[in-house]
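Summary of the model geometry
Each chain is listed here by its residues.
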Amino acid sequence: MNTDTTPPTPEITDRATFQAQLDELRVQEKAHTRAGDAIAAARRRLPMVEVDAATPLIGPDGPVTLLDAFEGRRQLIAYYMMWYTGRPASEQCEGCTYYNGKVRELSYLHAAGITYATLCQGPYEESVRYRDFMGWDMPWYSAQDSVETLLVGRQIGMFHLVCYLRDGDRVFETYWTNGRGVEALDNSYPLMDMTVYGRQEEWEDSPDGWPHDGSIDGGFFRTGGRPTAQWPRLEAGHSDDLGNAS
């Protein structure tokens, strides 16, 4: 019985052969970039739909409106975070923790007239404790009481990324996505995609024998029964008490 668990590796070749095949791949990469540019151009030409600017949210100082969440800027990108009310931090969504945790430096968005905010689908006091535990500093609101209005026609409880435009005191929705579309927030996946073993997920088209550890027990999203990014916070002495222990 073969007990060797070392994954296979690519064929070894000389530098010239390697570069020649990489040059062929670069043609595809550039085509992919141009296709992305074309999609972004089409996205900028979408129509928009009006949303009630007075839709209520809960923020650090109590009730506010969707218009307030713009913080005076022209555009708003809102991440609708999944939330399991009454559940401990260890059982909160590892995917939302992964994506939201990648959004750190907001000054460039602000300079472009864009506000980024998390609109959590759970209660404010409970969920903002999670934000603070994770060390995030993006604006945080509860959309729990308005989520059915804000996400009309979409699956409530699922994560979504939604873009809004403010025209004076009126608010319009200009784009939304979910699923893999939310990868726009991420930098780990693109870096993994450059490596020989990729994301190591089952759906990937990889050579026979390539590892698929990214599909096992939550993969890199979840480690030791928790969303992976929680461990450094715990090790630094931060409390994961959400104030909801029964």
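Residues numbered from 1 in each chain as written. Predicted model: local features only at pLDDT ≥ 70, side-chain atom pairs only at ≥ 80, totals over all residues. Heavy atoms only, no water.

Details of the overall build of the chain
Stated formally: Each helix is a run of H or I in the DSSP string that is no shorter than four residues. Each strand is a run of E no shorter than two, and both are numbered from the N terminus. The cut-offs for exposure are 20% and 50% of the maximum accessible area for each residue type, with area from a 1.4 Å probe on protein chains only; residues under the lower value are buried, those over the upper are exposed, and the others partly exposed. Contacts are assigned to residue pairs with any non-hydrogen atoms lying within 4.5 Å of each other.
Secondary structure summary: the chain contains 7 helices and 10 strands in total. Summarising its shape, the C-alpha atoms of the chain cover approximately 65 × 50 × 30 Å along the three principal directions. Taken across its 246 residues, the chain has 39% of its residues classed as buried. Within the chain, contacts between residues at least 6 apart in sequence are counted, and of these 64% link residues at least 24 apart.

Here we look at the pattern of salt bridges
Formally: Criterion for a salt bridge: a side-chain nitrogen of Lys or Arg within 4 Å of a carboxyl oxygen of Asp or Glu.
Summed over the entire model, instances satisfying the criterion amount to 12 salt bridges. Between Glu50 and Arg170 there is a salt bridge, with its nearest N and O atoms 2.7 Å apart. Of the two residues, Glu50 sits in strand S1 (residues 49-51) while Arg170 sits in strand S8 (residues 170-177), which places them 120 residues apart along the sequence. Across the pair Glu94 and Arg222 runs a salt bridge whose closest N-O atoms are separated by 2.9 Å. Of this pair, Glu94 sits in helix H2 (residues 94-100) while Arg222 sits in strand S9 (residues 222-223); the two residues are 128 residues apart in sequence, bridging distant segments of the chain. Relative accessible area serves as the criterion here: at 27%, Glu94 is assigned to the partly exposed category.

Thoughts on the nonpolar core
Let me state the cut-off plainly: Side-chain atoms within 4.5 Å are what join buried Ala, Val, Leu, Ile, Met, Phe, Trp, Tyr and Cys residues into a set we call a nonpolar core.
If you look at the biggest cluster of nonpolar residues, it comprises 30 residues, and the most contacted ones within it are Tyr79, Met81, Tyr116, Tyr130, Trp140 and Leu185. Sorting the residues of this core by element identifies strand S4 (75-81), H2, strand S5 (114-120) and helix H4 (124-134) as the ones contributing at least two each. If we skip the residues at most four places from it in the chain, Trp140 touches Ile58, Gly59, Pro60, Met81, Asn100, Thr118, Cys120, Tyr124, Ser127, Val128 and Arg131. In this structure, Phe70, Leu76, Tyr80 and Ala117 belong to the second largest nonpolar core, which totals 19 residues.

Examining the layout of surface pockets
The cut-off we apply is this: Two kinds of site are reported from a 1 Å grid over the protein atoms alone, namely cavities, where a 1.4 Å probe fits but cannot get out, and pockets, open sets with protein on both sides within 12 Å along at least five of seven lines, and residues are called lining when an atom falls within 4 Å of a point. Grid points are joined across faces, edges and corners, and a volume is the space filled by probe spheres set on the points. Three classes are used: nonpolar for Ala, Val, Leu, Ile, Met, Phe, Trp, Tyr, Cys and Pro, charged for Asp, Glu, Lys and Arg, and polar for all others, with Gly counted as polar.
As a volume, the largest pocket reaches approximately 1200 Å³. Looking at the largest pocket, it is lined by 26 residues, and the ones nearest its centre are Leu25, Asp193, Met194, Thr195 and Val196. Of all the elements in the fold, those that place two or more residues in the lining of the largest pocket are helix H1 (15-43) and helix H6 (188-194). Among the elements that take part in the lining of the largest pocket, H1 stands out by supplying 10 residues, more than any other. Of the residues assigned to the lining of the largest pocket, the class counts are 11 nonpolar, 9 polar and 6 charged. In this model, the second largest pocket occupies a volume close to 790 Å³. Along its surface, the second largest pocket is lined by 26 residues, and Arg43, Leu161, Cys163, Tyr175 and Ala184 are the ones closest to its centre.

A short note on the pairing of S8
Defined as follows: Two strands qualify as a pair provided that DSSP identifies no fewer than 2 bridges between them.
Two strands pair when backbone bridges link them, and S1 and S8 are joined in this way by 3 bridges, in the antiparallel orientation. In the strand pairing of S8, Glu50 is matched with Phe172. Strand direction decides the pairing type here: strand S7 (residues 160-167) and S8, joined by 7 bridges, are antiparallel. In the sheet register, Cys163 faces S8, and the bridge partner there is Tyr175. Linking S7 back to S8 in an antiparallel pair, the connection comprises 2 residues, with Gly168 at a positive phi of about 65°.

Describing unusual backbone geometry
With phi around 55°, Glu71 is a residue other than glycine that occupies positive phi space. Residue placement: Glu71 occurs in the loop between strand S3 (62-65) and S4. Its identity is not glycine, yet Gln200 carries a phi of approximately 60°, on the positive side. Residue position: Gln200 is located in the loop between H6 and S9.

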